[in-house]
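Residues per chain are reported as follows:
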Amino acid sequence: MSYPSKTRLLTSVAAILAAGAVAHAATDIRGAGSTFVAPIMLKKWIPQYEKTHPHVEIDYQAVGSGTGIKDITAQTVNFCGSDAPMTDSQMRHTPTAVLHFPEVAGPVVMSYNLPGVPPSTHVHLDGKTLANIYLGRIRHWDNSAIKALNPNVTLPHLRILVVHRSDGSGTTYIFTGYLSSVSKRWKQHVGQSTMVRWPAMGRGGNGSSGVAGIVQKTRGAIGYVEFAYAMDGHLPYALMVNKAGVPQKPTIHGVVVAQAALVKHLPKDFRLPIINPPGKKAYPISGFTYLIIYKDMDYMRSHAKALATVKFIHWILTKGQNYAKSMQYARLPSNMQKRLIAQLKTVTYKGQPLLK
Amino acid sequence: MSTLPTNSSPARRQRLYNLKARLISWGMIIFCTCVAALAVFCLFAIFGYIFYRGAEYLNWNFFFHSQASRRHPSAPSGAANSIVGTLIMVGLASIFGVPVGILCGIYLAEYSRDAWFSHLVRLVVDVLAGAPSILVGVLAYEIFVRRINLYHGFALRLMRAVKMVAPFVAKGDPSGWAGAMALAFIMCPIIARTTEEIIKLVPAHLREASLGLGASRTQTLFRVILPTARAGIITGIMLAIARIAGETAPLLFTAGGNNYLSTDPNKPMSALPFEVYKAYQSPPRPSWQHQTWACMLVLIVLILIFNLLVRFVSRNKMKVR
Amino acid sequence: MPNSIAEPPAPPSGAAAGTLPAPRRGLVLGKKADWTMHALALAGAAAMLLLLALLVGMIFSQSLPAIRRYGWGFLVSTHWNPVVGQDRYGVLQFVYGTFMSSFLGLLIAVPVSLGSAIMIVRIAPKWLSGTVSFLVELLAAVPSIAYGLWGALIMVPWLQNHGEPWLKAIGRHIKLIPVGHYRHHKIEWFPANLVHGGAYGADLLAGGLILALMITPIITAVTRDVLRAVPPDLEQGAYGLGATWWQATRVVLGYSSTGIYGAIILGFARAVGETMAIIMVIGNSDQIKLSLFASAQTMAGLLANEFTSTDHTIYRAAVFYVGLVLLMSTLIMNTLARLLVMRVTRRKAQASGGKRAGRNPPPSDGPPKTDLGPAEAYTA
């Protein structure tokens, strides 16, 4: 007598599904991408914005920058979050032109695991040494190059285990960009990309959390992670010697200074990592996290949806910036904000600009 | 013992042989028990850890609130959206995957007389069972989400016309349907494979007796073979459901995820393993860590409850054995 | 589907082998029903063919640019550089990582799962067998991401601090065959080189262990069902001839060998295609180094890691080419396994003289003839 009950089960499942399919009138916007921006996006920006705009429903999926870019290219989301700007070849694959909007910025932190060195003693590193470590030319922590930078630290004789991202990542793009800018050898043999051929054999971690996990548990490991992963995971981190020759802590302030120094050099489409800026207080490796949308929003097939998306981005660029500091991000410099809003005004729906 | 006369040698060899056989036998009994204990120990190590980490973050809010809620933006965040999403998508996947899988298994075990064709199908099923889930996810993505290259003009109109029958041919966005279909693709070969193996083990004399009593092939199938093989088939289905309920990769592109509670499979949907993956990838803030472990625990408990349910249902009917 | 099924008939135990229940009205299934059922089953099989055709077609068409540019050389090259302008791709190291880790997994999982299945079916008392088999099924229900997290957070640190140093302390002294030289002219010995290198935990060994953990319940569950379906007269016949427990078990194992091969193939296929758990523990680096302590990367892991970051055509095509190689290698493995099973079945058929011996051999068809069975021992 089992089959009638199974039929009943199917009927009830169908009934539940039918009941669920009741539409609601709100304008829903979908975004996907960067995990780095997820804390501020999900805990501050979206709830605060929805409070004042009750007819808008925003859903952001923190599935990683790569997936976000894939989704925006296939036009299955309305906006994408990415920790690296899209590359030229990626932009060639999109159906129409895209626009990049930096939202906030953050440093890339070199964290390490050195038993015997207390976490309050930060190891100092400079670009050349870091490049040589990642090239596999410096193999031990007590190498003379590292010793010269850290005269007051007793470094153990320990193999360095180089840890990198195993998945394609905006952080890798920023980090390899920095290494390319400080080391000719790196530029020649490896280059800058979201995914490179790592010359030194180490370990690859899946996601920043994977890298942080390996560094945390492996003696002698060094890896690059975004700010939040090092801070929240309580990992020791290195001070990076900047262009002016001063070892600098990865801080929000260091990034703000770096942004201010580079803002004049920012290209028209804002696609530039904040690498090696001049200034004594600037931290040398950091980058914006971007929000990417289409310039022509016809594909959304709804004026209301396109308008809501643009208005949400406008809010992030203005009022939303006030939440940055409390969530450990660097806010945008004010002159850059103006340029971004001007860019936002070029977004169109059926040929008409959405914002005036 | 060398003093024994040589004509007792066969008997001695016999005794020695018996002793050796018995020793080996006992050794194997001990070995089998030990490895079974090891397997159970691993289970407790993994389950224990997940329960230990997950239980401290579980509370009622977790079940009755979504990750985000439009009406109550400040409400505590939970996983109602992904629990519902998992249930709906696995349910939909089973509606498609179980019958197709069982039919294919029946074909392989009962009807496959053309040798080359059945060998081909068997090979195909094996290859599909081993295909990495991410590729299957990409296939479902190409068919149900992107679709731009697949349906043009007439085909697209045809698809829209059958939309009433097949709601998954909505416009090309990630949706619960796309996720469910990706899961169904993964499910079919697993079920087909186990069904075939189990049906083949039904002793031939049962089948022959039934046919000899004048039953038709179909009667024999439904009255003799399937009931006898039922326990094994149900195990196969459970294995398949357990497998798809925990799949992350194929949902990444197809289901899309949804922080709000949604029961409409035409819209993007979230699932528990998907949330675990997202939370694992996020910065190690305490709230995200809680999400990881609590979701994992709920997923495992869901599968556990489901297993118990199926077991209970099938036991009531299994009066024999 | 018929809407009613009567009391199931007696199982092979033959406890209550009665007549079939009288066919009900509306369920008198004649030729037409037979035909319909055959067609339905055929449709199910055809659906599988269609699915694989779609999958292969999609992957092949996407990987065409890479196939055109690299051809067969892709299979033997170990160079993987996706940076724009430096593009060069080869798959060999990922093939190595995939098969090495899966092989390691099988090496551990097959004895454990066969042992567990035998214990469940033939040793344990009823209450225990039910419990253990339920627990094993639960282990099969744990999602792979849970294995991955557990592996990365618990197993890898343990391997790094305890398991691997211990293995190294023992293994490095076992020197049997010289196979080559390290730098500084140190000789590389065969079993000792398996534990060469820094014990960091995230490596092939960890990958193999996690795969073993994942496929053990699958192999166990299927083997258990296969063993349960063996007619008890087989075992009783063996006992009647004076066999010990293990000898009778071997008769049972021989009878169900096809099903067990099937279970192992299923487990192997799962290991080869496993993605989420493996990328969390195997260390993800593209190298071929014959050591358990070397990190590696699998083909499925590469797909999961790099699929979303493919930013130019040839890179995307190369990633899909890896997917194609993965699919083709599962195809080849399965064909080989199937040929093996066919040979075993045929040999058995010849031995017993019956055409369907693989399915239902006479009980006297005991363990393989390689050793002196009890029956022969008595006549010797």
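Cut-off values and rules
Residues numbered from 1 in each chain as written. Chains lettered and ligands numbered in written order. Predicted model: local features only at pLDDT ≥ 70, side-chain atom pairs only at ≥ 80, totals over all residues. Heavy atoms only, no water. Helix = DSSP H or I, 4+ residues; strand = E, 2+ residues; numbered from the N terminus. Buried < 20%, exposed > 50% of the residue type's maximum accessible area, 1.4 Å probe, protein only. Contact = heavy atoms within 4.5 Å. Areas by Shrake-Rupley, 256 points an atom, 1.4 Å probe, with all protein chains shown as cover. 1 Å grid on protein atoms, 1.4 Å probe; cavity = no way out; pocket = protein on both sides within 12 Å on 5 of 7 lines; lining within 4 Å. Points joined across faces, edges and corners; volume = space filled by probe spheres on them. Nonpolar A, V, L, I, M, F, W, Y, C, P; charged D, E, K, R; others polar. Domains from an automatic or database assignment. pLDDT = per-residue confidence, 0-100. Pairing = 2+ DSSP bridges. Buried area = accessible area lost by both parts, 1.4 Å probe. Salt bridge = Lys/Arg side-chain N within 4 Å of Asp/Glu carboxyl O. Axes fitted to C-alpha atoms, helices over the stretch in contact; angles between N-to-C directions. Parallel < 35°, antiparallel > 145°, perpendicular 65-115°, else oblique. Left-handed = near helix turned anticlockwise from the far one by under 90°.

(A) Structural detail: the overall build of chain C. Along chain C, the regular secondary structure elements total 14 helices and two strands. Per-residue burial for chain C yields a buried fraction of 57% across its 380 residues. Counting only contacts in chain C whose residues sit at least 6 apart along the sequence, the fraction spanning at least 24 positions is 72%. When the accessible surface of chain C is totalled, it reaches about 16,100 Å², and 66% of it is carbon and sulfur.

(B) How the structure looks around empty space enclosed by the protein. Counted under the stated rule, the structure contains 14 cavities of 30 Å³ or more. The space that makes up the largest cavity amounts to roughly 310 Å³. In terms of lining, the largest cavity is formed by 30 residues, of which the most central are Val63(A), Gly64(A), Asp167(A), Tyr277(B) and Gln281(B). Those elements giving two or more residues to the lining of the largest cavity turn out to be helix 3 (65-73) and helix 7 (170-182) of chain A, helix 10 (249-254) and helix 11 (272-281) of chain B together with helix 11 (276-281) and helix 12 (299-306) of chain C. Classifying every residue of the lining of the largest cavity by side-chain character gives 12 nonpolar, 14 polar and four charged. Looking at which domains feed residues into the lining of the largest cavity, each of domain 1 (27-106 + 287-353) and domain 2 (107-251) of chain A gives three or more.

(C) Region of interest: the confidence of the model for chain A. When pLDDT is averaged along chain A, the result is 87, and 93% of the positions lie at 70 or above. Below pLDDT 50 for its whole length, residues 9-24 of chain A participates in 10 contacts with residues either more than four positions away or in separate chains.

(D) How the structure looks around the sheet that holds strand 9 (residues 239-241) of chain A. Read from one edge of the open sheet, three strands run 5-9-10 (chain A), paired in mixed fashion. Two strands close off the open sheet at either side, each with one partner strand: strand 5 (124-125) and strand 10 (247-248) of chain A.

(E) Spotlight on the pairing of strand 3 (residues 79-82) of chain A. All names here are of chain A. Here strand 3 shows a buried face lined by Phe79 and Gly81 and a second buried face lined by Cys80 and Ser82. Bridge count between strand 3 and strand 12 (residues 285-294): three bridges; the pairing is antiparallel. In the sheet register, Gly81 faces strand 12, and the bridge partner there is Leu291.

(F) Fine view of the interface of chain A and chain C. With 36 residues of chain A at the interface, the matching set in chain C holds 41 residues. Carbon and sulfur atoms supply 48% of the area that chain A and chain C bury against each other, a total of about 2,900 Å² over both sides. Our count for the contact surface shared by chain A and chain C stands at one salt bridge. Between Asp286(C) and Arg197(A) there is a salt bridge, with the nearest N and O atoms lying 3.8 Å from each other. Listing elements by their share of the side of chain A that touches chain C, those giving two or more residues are helix 1 (2-20), helix 3, helix 4 (88-92), strand 6 (161-165), helix 8 (184-189) and strand 7 (203-205) of chain A. Counted by class, the side of chain A that touches chain C contains eight nonpolar, 19 polar and nine charged residues.

(G) Molecular detail of the packing of helix 3 (residues 92-123) of chain C against helix 7 (residues 204-228) of chain C. Residues and elements named next belong to chain C. The contact between helix 3 and helix 7 brings their axes to 6 Å, and the two run at 40°. Our classification of the angle between helix 3 and helix 7 gives oblique. Remark: the crossing between helix 3 and helix 7 carries right-handed chirality. For the contact of helix 3 with helix 7, the per-class residue count stands at 21 nonpolar, 10 polar and two charged.

(H) Molecular detail of the environment of His234(A). Residues and elements named next belong to chain A. Tracing the sequence through the fold places His234 in the loop between helix 10 (227-232) and strand 9. Among the residues examined, His234 registers a relative accessible area of 70% and is labelled exposed. Along the primary structure His234 and Ala212 are separated by 22 residues, whereas in three dimensions their C-alpha atoms are 9.8 Å apart.

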